[in-house]
Amino acid sequence: MLKQRELYETAELYELLKHPAVFPYVRQKATSAEEYLFMTKQLMEEEFNEKAISRTITDEWGIPIGTISIFDIQEGAGFLGTWIGKPYQGLGYNQKAKLAFLNELFFEYDFNTVFLRIRNENERSKAAALKLPYVIDAEQTNPVLFEQINQGETKFHLFKIPKDLFYITTAHTQSDEEEQAM
């Protein structure tokens, strides 16, 4: 489901990224496969320097279908960015990728909070975020950060995932699944 980013997959990912339903909402707006390769190299360097963490999302057969990353890491927090290619949207990959990545961030990298900055016009991403039981609205609880991300022309909703809520929610879900398996 998630794997380390590798340069050989950038051409395949770029083909998915440039789709009009995906491209407006990605952080790395590459205009060619070569530019996306360069941006991916930079992101891998940022991960080496502990400024970002990025993974490739794969389908059941290991085919790259999107990416999930955390950017702007500071003091155990950062901003989550996820995109999935149009043919793979609505098939449950987003939720599974977020669950796996958040487990990695909270329990391997010891993050405390993960923020989601979603463009106001991106109703699909907002609806997907609100489906997750561990996501809460952060516009009121983090007003300074909310103002900071909305200083530019593009306006955003702000959500957050606190480690404790993620743990409580997912531990409860895992317990339910284990009981049903018995």
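See the structure above.
Residues numbered from 1 in each chain as written. Predicted model: local features only at pLDDT ≥ 70, side-chain atom pairs only at ≥ 80, totals over all residues. Heavy atoms only, no water.

This part is about the overall build of the chain. Helix and strand content of the chain: six helices and seven strands. Each helix (α) and strand (β) of the chain, taken in turn from the N terminus, gives the series β-α-α-β-β-β-α-β-α-β-α-β-α. Taken against the 2.2 N^0.38 rule, which gives 16 Å for 182 residues, the C-alpha radius of gyration of the chain at 16 Å falls within 12% of a compact globule. Structurally, the chain occupies a C-alpha span of about 45 × 45 × 35 Å along its principal axes. Scored against the burial criterion, the 182 residues of the chain give a buried share of 41%. Accessible area of the chain: about 10,500 Å², with a carbon and sulfur share of 52%. Averaging the coordinates of the 19 positive side-chain charges in the chain and doing the same for the 28 negative ones gives two points 5 Å apart. (Helix = DSSP H or I, 4+ residues; strand = E, 2+ residues; numbered from the N terminus. Rg over C-alpha atoms; globule rule 2.2 N^0.38 Å. Buried < 20%, exposed > 50% of the residue type's maximum accessible area, 1.4 Å probe, protein only. Areas by Shrake-Rupley, 256 points an atom, 1.4 Å probe, with all protein chains shown as cover. Lys, Arg positive; Asp, Glu negative; His and termini not counted. Charge placed at Lys NZ, Arg CZ, Asp CG, Glu CD.)

Time to look at the packing of aromatic side chains. One pass over the structure, following the stated rule, counts seven aromatic pairs. A connected cluster of aromatic rings, assembled from ring pairs, spans Phe 106, Phe 107, Tyr 134, Phe 166 and Tyr 167. When the ring centre of Phe 71 is taken as origin, the NZ or CZ atom of Arg 27, which lies over that ring, is 4.1 Å away. If you follow Lys 29 out to its NZ or CZ, it ends over the ring of Phe 23, 5.3 Å from the centre. (Phe/Tyr/Trp six-rings, centres within 6.5 Å; stacked < 30°, edge-to-face > 60°. Lys NZ or Arg CZ within 6 Å of the ring centre and 35° of its normal.)

Taken in spatial order, the seven strands make up an open sheet running E1-E2-E3-E4-E5-E7-E6, and their pairing is mixed. Looking along the sheet, the strands with just one partner apiece sit at the ends: strand E1 (2-4) and strand E6 (136-137). As paired elements, strand E5 (residues 113-119) and strand E7 (residues 156-162) share seven bridges and run antiparallel to each other. Looking at E7, one finds that Thr 113 is bridged to Pro 162. (Pairing = 2+ DSSP bridges.)

Next up on the list: unusual backbone geometry. In this model, Asp 72 sits at a positive phi of 55°, which is unusual for a non-glycine residue. Among the structural elements, Asp 72 can be located in strand E3 (residues 64-74). Residue Asp 72 is classed as partly exposed on the basis of its relative accessible area of 40%. One non-glycine residue, Glu 75, lies in the positive phi region at around 50°. Positionally, Glu 75 belongs in the loop between E3 and strand E4 (77-84).

Bringing the side chain of Asp 59 into the picture now. By the secondary structure assignment, Asp 59 is in the loop between strand E2 (53-58) and E3. Buried within the structure, Asp 59 lacks any salt-bridge partner; Lys 3 is the closest side chain of opposite charge, at an N-O distance of 11 Å. For Asp 59, the side chain forms a polar contact with the main-chain nitrogen of Ile 63, separated by 2.9 Å. Asp 59 has contacts with Ile 65, Tyr 88 and Tyr 93, leaving out every residue within four places of it along the chain. (Salt bridge = Lys/Arg side-chain N within 4 Å of Asp/Glu carboxyl O. Polar contact = N/O pair within 3.5 Å; in protein donor to acceptor, adjacent residues only side chain to side chain. Contact = heavy atoms within 4.5 Å.)

Turning to helix H3 (residues 93-107), a few remarks are in order. For H3, which comprises 15 residues, the first-to-last C-alpha distance of 21 Å matches the rise-based estimate of 21 Å (1.5 Å per residue) to within 8%. Every buried residue belonging to H3 is among Tyr 93, Ala 97, Lys 98, Phe 101, Leu 102, Glu 104, Leu 105 and Phe 106, and all of these are buried. (Expected span 1.5 Å × (residues − 1).)

The next thing to look at is the environment of Ala 11. Structurally, the position occupied by Ala 11 is in helix H1 (residues 10-17). Each C-alpha atom of the pair Ala 11 and Ser 32 lies 8.9 Å from the other, and the pair is 21 residues apart in sequence.

Within the span of H1, buried status applies to Thr 10, Leu 13, Tyr 14, Leu 16 and Leu 17. Seen from one end, H1 has its buried residues packed into an arc of 160°, which puts them on one side. Along its buried surface, H1 packs onto helix H2 (33-48), E2, E3 and E4. (Arc of directions from axis to C-beta.)

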